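# A closer look at the structure
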Amino acid sequence: MMKQGVTTTTTDQTKLLPKRIILVRHGESEGNIDGSAYSTTPDYKIPLTPQGIAQANQAGTQIRTVISSSGATPNWKVFFYVSPYERSRSSLMGIVRSFPKNTVIGVREECRIREQDFGNFQVAERMKIVKETRERFGRFFYRFPEGESAADVYDRVSSFLESLWRDIDMNRLNHDPADDLNLIIVSHGLASRVFLMKWFKWTVEQFERLNNFNNCEFRVLQLGDGGEYSLAVYHSEEEMQEWGLSPEMIADQKWRARATRGDWNEKCPWYLNVFFDDLGIDSDDGENQHNNS
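Quick summary incoming for the structure in this document. (Residues numbered from 1 in each chain as written. Predicted model: local features only at pLDDT ≥ 70, side-chain atom pairs only at ≥ 80, totals over all residues. Heavy atoms only, no water.)

### Structural notes on the pairing of strand β5 (residues 104-109)
Test applied: Pairing between two strands is assigned when DSSP locates at least 2 bridges connecting them. Only DSSP runs of H or I with at least four residues qualify as helices, and only runs of E with at least two residues qualify as strands; both kinds are numbered from the N terminus onward. Handedness of a crossover: with both strands directed away from the viewer, a clockwise path from the first strand across the helix to the second marks it as right-handed.
By the bridge criterion, 5 bridges tie strand β4 (residues 76-82) to β5 in an arrangement that is parallel. By the bridge assignment for β5, tyrosine 81 is matched with arginine 108. Once the chain exits β4 it traverses helix α4 (residues 86-96) before rejoining the sheet at β5, and the crossover so formed is right-handed.

Structure, rendered in structure tokens:
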């Protein structure tokens, strides 16, 4: 990348990248404990329970420990993105209590990371039948009546990711390279899973394997030594297994943790194997056979 006649090295580019991108699901909401709440209260207005508020406070403490390396890293900053739903905004308020004001460089409400739209007011018995139908049809492509499919959420989360990269590339977040930058995205279970799907180029089949986040559970995408983001830098193999990642997906995360930035497309054979059962090793032999036939 060139700027004012000066070449920016890969090392310089890495310094501008966030050290971590942390995805957090909101705390326990009234809808999580009583599905009938959705029949009288719009989904975006569903509040947290007292337990959900406590979960958000605890998540803030845990995330600060991760970011500061238990106090060993003094120079770090955070920037928040948050869904406009009440339960997400309230969770953010609990999380941010753990962060001194001088460490927070900004917050942005982002509508594209909102909850999947299940329709307007949701009648409990009808939604039970609809969700059973979704399990038979497939979670990714099933579209709720008057609502969205996970594929629809994927499209808007993909748009958000494009904006996120522009924010990073143009330094709209006013990031001082001397500080570790941490992006914290407070959102919803499905939006977070499709974020991971888009980021790591997971297939629909691999998405269907994934388990939802627990309330206020978070995933840490951390920059590896070579400049690639990976879940395996912070999280254990056992955790990734619990989340539903296959052995191939886990192996990919471990590879990313030490990979050189930009190598993924050329050096990740499992992705091709998803689409091709028997891909020839030597392309020249295939060309010669074709020419001789």
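Past the structure itself, the notes keep going.
### What about unusual backbone geometry?
With phi around 65°, glutamate 146 is a residue other than glycine that occupies positive phi space. Along the chain, the position of glutamate 146 falls in the loop between α5 (124-137) and α6 (150-169). Positioned with a positive phi, lysine 201 is a non-glycine residue whose angle comes to about 60°. You can see lysine 201 is positioned in the loop between α7 (189-200) and α8 (204-209).

### Concerning the nonpolar core
For the record, the criterion: Only buried residues count toward a nonpolar core, which is a set of Ala, Val, Leu, Ile, Met, Phe, Trp, Tyr and Cys residues joined through side-chain atoms within 4.5 Å. Summary of the burial criterion: residues with accessible area below 20% of their type's maximum are buried, those above 50% are exposed, and those between are partly exposed, where the area comes from a 1.4 Å probe applied to protein chains only. Only heavy atoms enter the contact rule, under which two residues are in contact if any of them lie within 4.5 Å.
Among the nonpolar cores identified, the biggest contains 41 residues, and Phe195 and Leu221 are the most heavily contacted of them. Put simply, the parts of the chain that give this core at least two residues each are β3 (20-25), β4, α6, β6 (180-187), α7, β7 (218-223) and α10 (247-258). Setting aside residues no more than four positions away along its own chain, phenylalanine 195 makes contact with Ile21, Leu23, Val157, Phe160, Leu161, Leu164, Ile185 and Leu221. Counting 19 residues, the second-largest nonpolar core is a separate cluster that includes Ile22, Phe80, Ile95 and Ile184.

### Thoughts on the side chain of asparagine 182
Within the secondary structure layout, asparagine 182 lies in strand β6. What makes asparagine 182 buried here is its relative accessible area of 0%. Dropping the residues within four chain positions of it, asparagine 182 is found in contact with Arg20, Ile67, Trp76, Lys77, Val78 and Phe79.

### Observations regarding the sheet that holds strand β8 (residues 229-230)
Put simply, the rule reads: Axis lines are fitted to C-alpha atoms, over the contacting stretch for helices. Their N-to-C directions set the angle, which ranges from 0 to 180 degrees.
Sheet architecture is open: 6 strands sit in the order β5-β4-β6-β3-β7-β8, paired in mixed fashion. Both outer strands of the open sheet, β5 and β8, are each paired with one neighbouring strand and no more. Pairing analysis gives 6 bridges linking β3 to β6, with the strands arranged parallel. Within β6, the position partnered with leucine 23 by the bridge is isoleucine 185. Of the strands in this sheet, β3, β4, β5 and β6 touch α4, which is tilted by about 165° from β4. Set on the sheet, α7 makes contact with β3, β6, β7 and β8; between it and β3 the angle comes to about 150°.

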